[in-house]
Amino acid sequence: MDTAHPPSEPTAAPLRFSIRGLTCASCVTRVEKALEAIPGVVAASVNLATESAEVRTGAGAPPLDFAALSEAVARAGYALVTDVSELAIEGMTCAGCVARVERALRAVPGVTTASVNLVTGRARVEHVAGLDRAALVAAVAKAGYAAHPVVDATAGAPAPTGTPAGQRERRHLLLAALLSAPLLLPMLALPFGVHWMLPGWLQWLLATPVQFWLGARFYRAGWKALRAHSGNMDLLVALGTSAGYGLSVWNLLFAEAHHGAPHLYFEASAVIITLVLLGKWLEARAKRQTTEAIRALQALRPSTARVLRDGGEVEVPVESVRVGDHVAIRPGERIPVDGEILEGRTHADESLVTGESRPVARGPGERVTGGTVNGEGRIVVRTLAVGAETTLARIIRLVEDAQAKKPPIQRVVDRVSAVFVPAVVAIAALTVLGWGLTTGDWSAAILNAVAVLVIACPCALGLATPTAIMAGTGVAARAGILIKDAEVLETAHAVRIVAFDKTGTLTEGKPALRELVAIDGDADALLALAAALQQGSEHALARAVTDAAKARALHVAVAGDVQALAGRGLTGRVDGRALLLGSRRLMEESGIALDALAARADALAASGHTVSWLAETGAAPRLLGLLAFADPLRPGSAAAIANLRRLGLRTVMLTGDNRGATEAVAQALGIDEVRAEVLPADKADTVRALRGDGRVAMVGDGINDAPALAAADVGIAMGSGTDVAMQAAGITLMRPDPRLVADAIDVSRRTYRKIRQNLFWAFVYNLVGIPLAAAGLLSPVIAGTAMAFSSVSVVGNTLLLRRWRTSVPD
């Protein structure tokens, strides 16, 4: 009898999902055991053929957390097959809305993570593959909001002023201002000794459309929040203004009971709604400015392309272009695809993709990037990537993902937001009771409670972090710095050590053979043997050797039994001779005496050359000679190190090259510390050791240095945005200029500083304003003004980031 699955225990409907990596029956057993260990699971069944799992829980048990399922599967050594959906959310106004939508989405069975961005109005949901998106939309609707899947990249962005939504908001604001002005003018005239007041019925006539027509949005959103057993900024505004309006109507209807002119507060409720509408309008305009970078990238995508077919040019939608198609681009047109130039020469303007301000020369055999501008001359390009696989599409996706994710500091805000609105309502209730019971003036008590409700600023809390993230990642992308996610942006500000790979990072990565020294004096024979061993290799030094052999028109034999020795060199046989080519360490390990050329090798290394040795092994091992290479420094390397030192950062060079050449480069650049002759497999361990002295950023090419990039607190890949670079590193530099490393850390520091400033002001508004309102020291109108402009000031502070400029000169 199977005691693990009691048949008598009732179960709920099964949950099904796919698992990646299953290969055999033992995999099935391991995953089943991992799933059955989760509390609440009574049975788990895994199907190897379909690579899927079915999990049953006890009837009445709480819904399973798919994050726990994912973790259990990961512990077993496998992974859930997941998908990502984006939803445009309508109706969110504050941090409380964000928290409520996230909770609703995470509660949907199959969802592993959900992140909502208040600025863009988007939700990014990771869920098991095959989940019906209608379930996500329904969950958002149940929480009191509207949602629809994002179809194009611009959906969900703040409505521009020219759209119907933007025009409607502006029209409502103008109408509210016109109706509120006559109510506010008598109050403004009082300090000048002018005592004039509109009749009560006229005040009511002006205030009513503002309250219930132009302010209807607050009632609708507040009601949806109440139905979802929660609260938001709209609820606070609706409660506060309704209290002021209701008190005024009561006093107007029962004026006789006051034995004189009634106390009316219509101007307070109308002006508060007008100010909030003004604040929301200004906020929307400001939020759009924080998203300019992504919209600029989206605008680079051409809609059509001229494909060469049947001997002519045919203009087709860019979506119909296929890999391998030949595309013609005329001068001044945007290049529609990633490709390789077959015909023609041009200068491409790549500024909005790489941040490089000067046009870059491109000719046959060279690659061009979709979205860049063909400056001069007609070119024909063979298509290498289209659609979502183009460099531009990957950049947009990377920037959007970074802007959608939350940094760790946002968790504090989320915890505060969860209790913010209920706490404010409770304080307002206590204010009414406290003032009413102690003074007996219930009108004043209600007005003070109104002030408490309308000065609360959950919007500012919700906007503080995402606006800064969007502005920071936006200006970085404009400079050619792609930041993978918000957590990297927050981590990078605390970096204290920057470790560089040497070849291809601080140097050009194009070493040339500068000197040959043969023991027997026959340099050509030495080069021919080295080229024979190297001719199948893609290593930069190997290309330098084979290029030199071609330049001398040498006959190069075919090598056999070639074997690479990681970080040391290689072995092989040429014309029956067993040869060894590589570093000093390899020679010493193989017992090859280097005394004959040691002095010359030391002199070359001291002058910055990389030295490789060629030896013959066998019965009588002997040295044949050495090859010296020089790799020129990148023009911006010295300035990059100087900029990092100005930021107070310690610099380290990590390389497998010999110590002499490495120290020569380090001395020329002003690098603080050198770690030479480090094997590729040991680079990650060296980075981990450096982390003992502070947070470390590792700068490499994103391919050979992938383990070290992953081991660092922040990995910075310097290249052209290849897939490997984007995946291995937290930050990708779109052009190989080491000066951008300091810029990346600088923009991270400035962004994190903005986040802290924004959160400080958002909390100060509430910590100072709410007690002052409760104490009766703020009128509702002043409180409404403070609330309306709190979020505007936070976003305005963020927009100062847009003035940041790269240190790389044009």
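Residues numbered from 1 in each chain as written. Predicted model: local features only at pLDDT ≥ 70, side-chain atom pairs only at ≥ 80, totals over all residues. Heavy atoms only, no water.

As recorded in an unreviewed UniProt entry, the chain goes by the name P-type Cu(+) transporter, listed as coming from Rehaibacterium terrae. Word for word, the UniProt comment on the chain under Subcellular location (unreviewed entry) is "Cell membrane". Per UniProt, the chain has the following entry under Sequence similarities (unreviewed entry): "Belongs to the cation transport ATPase (P-type) (TC 3.A.3) family. Type IB subfamily." (UniProt positions renumbered as here; feature names shortened; annotations may be inferred.)

Moving on to the packing of helix H6 (residues 200-214) against helix H7 (residues 216-227). The geometry of a pair of packed helices is captured by two quantities: the angle between their axes and the separation between those axes. Packing of H6 against H7 leaves a shortest axis separation of 4 Å and a crossing angle of 40°. One way to sum up the angle between H6 and H7 is to call them oblique. Contact residues: Gln211, Phe212, Trp213 and Leu214 in H6; Ala216, Arg217 and Tyr219 in H7. Here the residues of the contact of H6 with H7 sort into five nonpolar, one polar and one charged. (Axes fitted to C-alpha atoms, helices over the stretch in contact; angles between N-to-C directions. Helix = DSSP H or I, 4+ residues; strand = E, 2+ residues; numbered from the N terminus. Parallel < 35°, antiparallel > 145°, perpendicular 65-115°, else oblique. Contact = heavy atoms within 4.5 Å. Nonpolar A, V, L, I, M, F, W, Y, C, P; charged D, E, K, R; others polar.)

Our focus in this paragraph is the pairing of strand S26 (residues 650-654). Counting buried positions along S26 gives four out of five residues, so the element sits mostly inside the fold. Here five bridges tie strand S19 (residues 495-501) to S26, and the two strands are oriented parallel to one another. If you follow Ile497 over to S26, its bridge partner there is Arg650. Bridge count between S26 and strand S27 (residues 673-675): three bridges; the pairing is parallel. When the sheet's bridge partners are listed, Met653 is paired in S27 with Val674. Taken together, S26, helix H22 (residues 659-669) and S27 constitute a β-α-β crossover, and its handedness is right-handed. (Buried < 20%, exposed > 50% of the residue type's maximum accessible area, 1.4 Å probe, protein only. Pairing = 2+ DSSP bridges. Right-handed = clockwise from strand over helix to strand, strands pointing away.)

Let us now look at the sheet that holds strand S17 (residues 379-385). If you walk across this open sheet you meet the six strands as S10-S9-S11-S17-S12-S15, and the pairing is antiparallel. Whereas interior strands pair on both sides, the edge strands pair on one side only; in this sheet they are strand S10 (312-317) and strand S15 (367-368). One ladder, built from two bridges, connects strand S12 (residues 338-343) with S15; its direction is antiparallel. By the bridge assignment for S15, Glu340 is matched with Arg367.

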